Amino acid sequence: MVSLKEENICKEAKMLLENMTLEEKIGQLVQYGRLKEAELQKLEAGKIGSFLNVAGADKVNKLQEKAMKSKNPIPLIIGDDVIHGYKTIFPIPLGESCSWDLKLIEETSEIAAEEASTEGINCIFAPMIDITRDPRWGRVAEGTGEDVFLASQIARAKIRGIQSNKWNDRPYVTACPKHFIAYGAAEGGRDYSAVDVSERCLRETYLPPFTAALDEGAYTIMCSFNDLNGIPSSANKFILRKILRQELGFEGLVISDWESIEELIYHGIAKDKKEASLKSIEAGVDIDMHSGSYEEHIHALIDEGKLDKELLDEAVLRILKVKIALNLFNNTYTDTSLSKKVIRSTKNVEKALEAARKSIVLLKNKDCLLPLNKNIKSIGVIGPLAEDKVNPLGCWALKGEPKQVTTVLEGIKHKLKSETAVYYEKGCNINSDLEGGIDRALELAKKVEKVVLVLGESSDMSGENHNRAYIGIPEAQKKLLKALHSENIPVVLVLMNGRPLTLTWEEENIPAIIEAWHLGDESGNAIADVIFGDYNPSGKLTMSFPRCEGQIPVYYNKKNTGRPNFKKYLDVEETPLYPFGYGLSYTQFNYKNIKLSSKKIKQDEKLTITAEIENVGKIAGDEIVQLYIRDMVASITRPIKELKGFKRVHLDPGECKEIKFEITAKELGFYDEYFNFVVEKGDFKVWIGPNSIQGLKENFEVI
Ligand code: GLC
């Protein structure tokens, strides 16, 4: 994608601006999310610059035509929430992040953007790159977990994918990384709640994924709903002007979240929409998503001399530059015949299966109960999510359709020969008992050879403002699970959920547990592939699973504290049930022979770390090898571990490969007391391992 700094883009935008009236300039700041007759009339008067929640090439073309009929024809930005697929639905982002497969993530992002573009969408409100450490928060489902390094790498892959734009006959697509900033730190996991974090935490934890996304060339960014240290993001000059514009040099546009400008009134920092408008545009919010504040008040603010025309012109210029860079003036319209060729193509559906398979995390497999033998005589598939076509689509499936989802029951039936008897019992509802359901499930379980139990959350138990204070398997389903357990029936537990769950009882009592998230269209096929061993699970958790809600927040890269060995709770172990980076395989990988290129590196040198990984089991498999470091002594306390690299390696049984990582001393740096980025001399530890708590360790020194 062209840089917004390019001279010809700036020149063209300035020429457009010079010919615009005040009303037309204000129109560019206005985005609407519903198509009422009144809005359509404003279009021809150039009073609206963008829409969201509108899709379909024909419908969008008509809107563009109206916009191009105005005296000063300026095409529209058309935004939409393409969070994990457009019509081909991929795993929810938290699930897909467990693949740690950047190439895959770039590919699914590219497919989603291409499908969306054939229906006229040119701005995708994704990726959501809020670091998430509180699984009570519903929106962890949309994110990519707790780790800054991994989330930053995934952010880059998603921007590259969304903005790949391998066409020149229709508008390009821009990403819109969100929600700037620290939205994931909402108090208590309660969506929209206040966020109060130190500048250090802001810069070290929440900012890096955005820095990465903008470095990959995102043209737009969305500010968040939350109050940040006393000033809501939609009016926060520190983050929008100092950090975003001055420090990061971002030239693109900032769009508010839905009505977040008007919400400044409820935050209590604006008495009305007029004051809210002034605060937002002065802070640097360019487009007002759907609140009408800018449309209603910017003109008066200018007339009354309260708003400097310069600020308005700056905002309009940024919007015009993005529209020029999206090639919207030259390619305003979309060929209406394209979508049926592109959407849900065989290639796209195959990619959805690959993504679903790689997102699955094997949490437990006692006595190698899994994979099941395909030649079994009978199998019972039980549970409210086993035959469900809606919930596997996940929390933001946009244009996905239940009819395109393969259920677990269907996936298992496709997998097995007709001689195998496949039975199904729902057993209970997701959140309520089912008359006689448990009895029927027990009766079935007693007569079949194997039982697969599919439990978890409905898709609307995660996502925006779908927060949970208790994050276990819903009670009605727990009763079914315990009933089966009480009859000593060894079940394979498949979980479909949008967040880490508290699974302490399950870990102690259930022999096999598969974390299958909400995997999208190909859920059933991917889960069946794993259950019967046609795919050896390789996923690794990107969010720690707490033992109970009382542990939250729990994440791997914590500080050591002055009393690291003191017991943290009287009643619960300190460690999470399943740590960041954890995931099992049907085979076993042995790590050996860690070696360093040197025990000392200068501050401008790099270090090579190698280790050998051997598949000592009987099944081929992929292993996601992880590299962690620890800075033992520094001018600022450092985390006990920090992920600094990862690599996926495929190993056949008996195969052994050397894995090599290179890190530069710069990657060991951090912000000092004055927020200068420094690399300090001193001792470091380094691990190469399968997750954040195991691995081969070595020491080195930065001199
Ligand atoms: C929502 C979400 C945001 C989304 C926007 C438009 O409230 O916070 O992620 O992009 O509104 O739908």
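Chains are numbered independently. Their residues run from 1 in the order of the written sequence. A pLDDT threshold of at least 70 governs which residues receive local features in this predicted model, and a stricter bar of 80 or more applies before side-chain atom pairs are shown or counted, although totals over entire chains, interfaces and linings include all residues. Hydrogens are left out, water is left out, and the side-chain values use all remaining heavy atoms of the structure.

Student: Account for the nonpolar core, naming residues and giving values.
Tutor: Soluble, globular proteins show a tendency: their nonpolar side chains are buried together. Core analysis: the largest hydrophobic core is formed by 102 residues, its most contacted members being Phe180 and Ile298. Among the elements that take part in this core, helix 14 (residues 309-325) stands out by supplying 10 residues, more than any other. What Phe180 contacts, discounting residues up to four positions off in sequence, is Leu207, Phe210, Ile221, Met222, Cys223, Ser224, Ser233, Ile239, Leu240, Ile243 and Leu244. Buried residues of nine kinds, namely Ala, Val, Leu, Ile, Met, Phe, Trp, Tyr and Cys, make up a nonpolar core once their side-chain atoms join them within 4.5 Å. Buried, partly exposed and exposed residues are distinguished by accessible area as a fraction of the type maximum, computed with a 1.4 Å probe on protein chains only: under 20%, between the cut-offs, and over 50%, respectively. Within the second largest apolar cluster, 77 residues are counted, among which are Leu363, Leu369, Ala445 and Met496. Strands here mean DSSP runs of E at least two residues long; helices mean DSSP runs of H or I at least four residues long; both are numbered from the N terminus. Only heavy atoms enter the contact rule, under which two residues are in contact if any of them lie within 4.5 Å.

Student: How would you summarise the side chain of Glu24 if you had to cite specific residues and measurements?
Tutor: Summarising the element assignment, Glu24 is placed in helix 2 (residues 22-28). Looking at Glu24, the relative accessible area reads 8%, which means it is buried.

Student: Any chance you could break down empty space enclosed by the protein for me, citing the residues and the numbers?
Tutor: Cavity and pocket criteria rest on a 1 Å grid covering protein atoms alone: a 1.4 Å probe that fits but cannot get out defines a cavity, protein on both sides within 12 Å along at least 5 of 7 lines defines an open pocket, and an atom within 4 Å of a point defines a lining residue. Grid points are joined across faces, edges and corners, and a volume is the space filled by probe spheres set on the points. This model, assessed by the stated rule, comprises two cavities of 30 Å³ or more. Taken as a whole, the largest cavity encloses approximately 120 Å³ of empty space. For the largest cavity, the lining is made up of 15 residues, of which Val82, Ile83, His84, Ser109 and Ala112 are closest to its centre. In terms of residues, the lining of the largest cavity owes the most to one element, helix 6 (residues 102-117), which gives four residues. Here the residues of the lining of the largest cavity sort into nine nonpolar, four polar and two charged. One number sums up the size of the second largest cavity: a volume of about 70 Å³. Only Asp, Glu, Lys and Arg are considered charged in this grouping, and only Ala, Val, Leu, Ile, Met, Phe, Trp, Tyr, Cys and Pro are considered nonpolar; every other residue, Gly among them, is considered polar.

Student: Before we move on, can you summarise the sheet that holds strand 14 (residues 450-456) with the specific residues and values?
Tutor: Only strands that DSSP links by at least two bridges are regarded as paired with each other. With respect to topology, six strands assemble into an open sheet ordered 11-16-15-14-12-13, the strand pairing being mixed. Looking at which strands have only one partner, the edges of the open sheet turn out to be strand 11 (361-365) and strand 13 (421-425). In this sheet, adjacent strand axes meet at a mean angle of 15° when their direction is disregarded. With five bridges connecting them, strand 12 (residues 378-382) and strand 13 associate as parallel partners. Bridge pairing in strand 13 links Val381 to Tyr424. Orientation is described by axes fitted as lines to C-alpha atoms, over the contacting stretch for helices, and by angles from 0 to 180 degrees between their N-to-C directions. Lying on the sheet, helix 21 (residues 523-531) is in contact with strand 14, strand 15 (491-496) and strand 16 (512-515); it crosses strand 15 at an angle near 150°.

Student: Give me the lowdown on the site of the ligand, citing residues and values where you can.
Tutor: Definition of nearness: a residue and a molecule or strand are near each other if at least one heavy atom of the residue lies within 4 Å of the molecule or strand. Taken together, 13 residues lie around the ligand, and Asp81, Arg139, Lys178, His179 and Asp257 are the ones closest in. Between Asp81 and the ligand, the recorded distance is 2.5 Å, taken from a side-chain N or O atom to an oxygen atom. In protein, a polar contact means a hydrogen-donor-capable atom and an acceptor-capable atom, both N or O and within 3.5 Å, with residues adjacent in sequence counting only if both atoms are side-chain atoms; elsewhere, any N or O pair within 3.5 Å suffices. Contacts to the ligand include Arg139, whose side-chain N or O atom sits 2.8 Å from an oxygen atom. Here the shell around the ligand is composed, by residue class, of seven nonpolar, one polar and five charged.

Student: Summarise the environment of Cys548; cite the residues concerned and give the values.
Tutor: Counting through the fold element by element, Cys548 comes out in the loop between helix 21 and strand 17 (589-596). For Cys548 and Glu216, which are 332 residues apart along the polypeptide, the C-alpha to C-alpha distance reads 38 Å. Leaving out residues up to four positions away in the same chain, Cys548 has contacts with Thr502 and Val572.

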